Structures are given as C-alpha cells and as structure tokens.
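Each chain is listed here by its residues.
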Amino acid sequence: MSELTRLILRRILFAVGALLGASVLIFIGTNILPGDVAQAILGQSATPEALANLRRDLGLNEPAVTRYFNWLFSLLQGDLGHSLTNQQSINDMLGGRLANTFFLAAVVAVITVPLALLLGLIAARYHDKLPDKILSFTTLAAISLPEFFIAYIFLLFFAVQLGWLPGLAKISPQMNFWQQLHAVLLPASTLTFVVLAHMMRMTRAAVLNVMSAPYIETARLKGASLRSVIFRHALPNAIAPIVNVIVLNLAYLVVGVVVVEVIFVYPGLGQLMVDHVSKRDIPVVQACGLIFAATYILLNMAADIIAVANDPKLRYPRT
C-alpha cells in the first residue's frame, strides 16, 4: 500500500470518528434544550397523566444512553425517525428541503468560484496598486460584516426600495429553473458577497506566495511578461492551496445558509431546523444538525485529500 493510500484511509477514518463525535454532541445539545417536548406537543392545557403517557410513548423516559444508541442504530439503517409534532417520516421531510439548500449553494458556488479566481488574479497582477487596494478594502469590509446585516441591506435596497427582486425566496417544484433562480437571487447574492471575499483574498495570497519563488524571478529575468508569469508559472503551482480554500468555503457555504434561509424564509434545511427548534421537535433538529455536520466533515476531508494528493511534502513525515 502506497503512502498516499495510507494517508487517504487515515483521513477517512478521522472523518468517521469526527462524525461519530458530532453525533454525540448533537444528541447531547438537543436533549438539554429548555422546555418539555410533551408539553410543546399537547399544549399548556394538557393533564399530567396525558403528558406522562406521551413521554412514555415517545420513549423519553428511557435513559439518555439507550436513546442515543437506538438513534444511532436507526441512522446506520438509513432511518432518521419520525417528527414528534406531526409523525411524518423525517426522510420524506428532508428530501425537498435538502434539494433546495443544495440548489442555493450550487448557485452561489457557480457564481463565486470563477469570480473569486478572476478577482484574485487581478489583485495579484496589480499588487499594491489601485485595483489591488480597492479589492482588498472591499473584501475586508465584506468579511467584517455579518451575514444578517448584509442580508437586511440587500432586502432594503433591492426588494423594498427598488423592487427588483422578491423579498421572500419562495420556490416550489412547479417553478421552472429560471423562476427558481430569480427567487433565490437575494439570498444567493448575500452568500456570494461573504464567501467571495474569503476566496478572493486566499487566491491573491496563494498567487503572491508563489510569485516570491526563485523560479518566478528566473522567468522574469528571461524576459517573460508579468501576465505570462502569473498564468503560466504561478497559477498552476498555486492551484493546490486555492482548491483547498474553495472546498473549505463550500463547506462553510452549505452549513452557513441557516441564517440566510431564515431571513429570506427560504424553504431549505436551515429554515426547517429553526422551525422545529421552536417546536422542540428533537428528532428533526438532530437529523438536520447531523446532515450539516456530515457535509462539513466530508468536504473538509475532501480538502485534506486534495491537499495531500497535490503536495508531495505532505505525504511523508518530517524526520
């Protein structure tokens, strides 16, 4: 077995262990939420006998360790359980919501990745000049502003004052692709504004780091133009860290949609989780949290594997 294969297997085992640890934290976190599930379902007028019977039917009287392992074994069989509030299968509830969240993330990724690469290369090309300073200032401001603030600013200007875009991002299977794209433009723009800044700055930093290498100076001394040096020599050698940053930002993108989905009332996984937190519907919250954790862990694992595959120095331990 090659060293690369061993490292990849090690990363996969680490991801499995991280996912198992995340499941424990999610289970503990959802079970220490304030309030009573039975009370939330039956209402304030429920009798103590009715509450006790419902807790017994839901298995809430069992020890926490027993409930965790029952939940874990069901997950391994592909069964996420049933909602406590409407008894609907969570697998069926998550289908459309998960597709909506990934649709929003895909729209943002298609816009952000090429734009971040282009702007990063422009900033590196005009290092310490006016275009670089403008881009650096703008992206620094974007990173400093929280997502909800950017979302409300976009809502105020583009939805309320100008009326160009809908303030509520409502989509349905009956809508065609262009109608869905128009509906998600505001939340997609908000996420693009935030994620683009991270990607662009890291692209700029990676290219400038390669530009300081001796072989770049040799190419410049041979008479190669700056544009040729950047695109033919610097960019191919900066691709590995750039791809790593892109994958990590995509992981943040999928997990970070919760706030944006709530603000724009977008029918995605984040909105579903927040709705059922208020209802104290523990199985739904656990399923949503686990999906977010699994997505983040798997994309981080992919970033590690890409980095190891593209950088031979990471394959061998230092002596």
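Moving on, we come to the overall build of the protein. Counting secondary structure elements, the protein contains 14 helices and 0 strands. Taking all 319 residues of the protein together, 41% fall into the buried category. Partitioning the contacts of the protein with sequence separation of at least 6, the portion at a separation of at least 24 is 70%. In the form shown here, the protein has an accessible surface area of approximately 17,300 Å², with 66% of it arising from carbon and sulfur atoms.

As a further point, take the environment of methionine 301. Among the secondary structure elements, methionine 301 is positioned in helix α14 (residues 282–310). Classification of methionine 301 as buried rests on a relative accessible area of 17%. Along the backbone, methionine 301 and valine 247 are 54 residues apart, and their C-alpha atoms lie at a distance of 9.5 Å. Leaving out residues up to four positions away in the same chain, methionine 301 has contacts with Arg11, Ile12 and Ala15.

Bringing the environment of alanine 219 into the picture now. Here alanine 219 is to be found in helix α10 (residues 214–221). A relative accessible area of 10% places alanine 219 in the buried class. When the C-alpha positions of alanine 219 and valine 229 are compared, they lie 6.9 Å apart, and in sequence the two are 10 residues distant.

Estimated volume of the second largest pocket: approximately 270 Å³. For the lining of the second largest pocket, the elements supplying multiple residues, two or more each, are α1 (3–31), α4 (64–76) and α14. A breakdown of the residues in the lining of the second largest pocket according to their chemical character gives 11 nonpolar, 2 polar and 1 charged.

Our focus in this paragraph is the packing of aromatic side chains. Going through the model one piece at a time under the given rule, you end up with 10 aromatic pairs. An aromatic cluster is present here, built from Phe27, Tyr68, Phe69, Trp71 and Phe73 joined pairwise through their rings.

Now for the nonpolar core. Membership of the largest hydrophobic core comes to 70 residues, with the highest contact counts inside it found for Leu94 and Phe264. Non-local contacts of leucine 94, meaning those with residues more than four positions away in its chain, are made with Leu80, Leu269, Leu272, Ala287, Cys288 and Ile291.

Now for α4. Compared with the 18 Å implied by 1.5 Å per residue over 13 residues, the 18 Å span of α4 between its first and last C-alpha is a close match. Within α4, the full set of buried residues consists of Arg67, Tyr68, Trp71, Leu72 and Leu75. Angular distribution of buried residues about the axis of α4 spans 135°; they occupy a single face of the element. With respect to the buried face of α4, the exposed residues turned more than 90 degrees away are Val65 and Leu76. Two residues or fewer past α4, glycine 78 is found with a positive phi of approximately 85°.

Let us now look at the confidence of the model for the protein. Overall, the prediction assigns the protein a mean pLDDT of 79, with 89% of residues at 70 or greater. No element of the protein has a lower mean pLDDT than helix α2 (residues 37–42), at 66, and none a higher one than helix α8 (residues 177–183), at 85.

This part takes up unusual backbone geometry. With a phi close to 65°, aspartate 128 is a non-glycine residue in the positive phi region. Mapped onto the fold, aspartate 128 is located in the loop between α5 (90–125) and α6 (130–144). We note that valine 265 has phi near 50°; this positive angle belongs to a residue other than glycine. A residue is classified by how much of its surface remains accessible, and valine 265, at 30% relative accessible area, is partly exposed.

Turning to the pattern of salt bridges, a few remarks are in order. Tallied over the entire structure, the rule returns 1 salt bridge. In this structure, the salt-bridge partner of aspartate 132 is arginine 204, at a minimum N-O distance of 2.7 Å. Of the two residues, aspartate 132 is situated in helix α6 and arginine 204 in helix α9 (residues 185–211); the sequence distance between them amounts to 72 residues. Side by side, aspartate 132 and arginine 204 carry an identical accessibility label, which is buried.

What counts and how
- Residues numbered from 1 in each chain as written.
- Predicted model: local features only at pLDDT ≥ 70, side-chain atom pairs only at ≥ 80, totals over all residues.
- Heavy atoms only, no water.
- Helix = DSSP H or I, 4+ residues; strand = E, 2+ residues; numbered from the N terminus.
- Buried < 20%, exposed > 50% of the residue type's maximum accessible area, 1.4 Å probe, protein only.
- Contact = heavy atoms within 4.5 Å.
- Areas by Shrake-Rupley, 256 points an atom, 1.4 Å probe, with all protein chains shown as cover.
- 1 Å grid on protein atoms, 1.4 Å probe; cavity = no way out; pocket = protein on both sides within 12 Å on 5 of 7 lines; lining within 4 Å.
- Points joined across faces, edges and corners; volume = space filled by probe spheres on them.
- Nonpolar A, V, L, I, M, F, W, Y, C, P; charged D, E, K, R; others polar.
- Phe/Tyr/Trp six-rings, centres within 6.5 Å; stacked < 30°, edge-to-face > 60°.
- Core = buried A, V, L, I, M, F, W, Y, C linked by side-chain atoms within 4.5 Å.
- Expected span 1.5 Å × (residues − 1).
- Arc of directions from axis to C-beta.
- pLDDT = per-residue confidence, 0-100.
- Salt bridge = Lys/Arg side-chain N within 4 Å of Asp/Glu carboxyl O.

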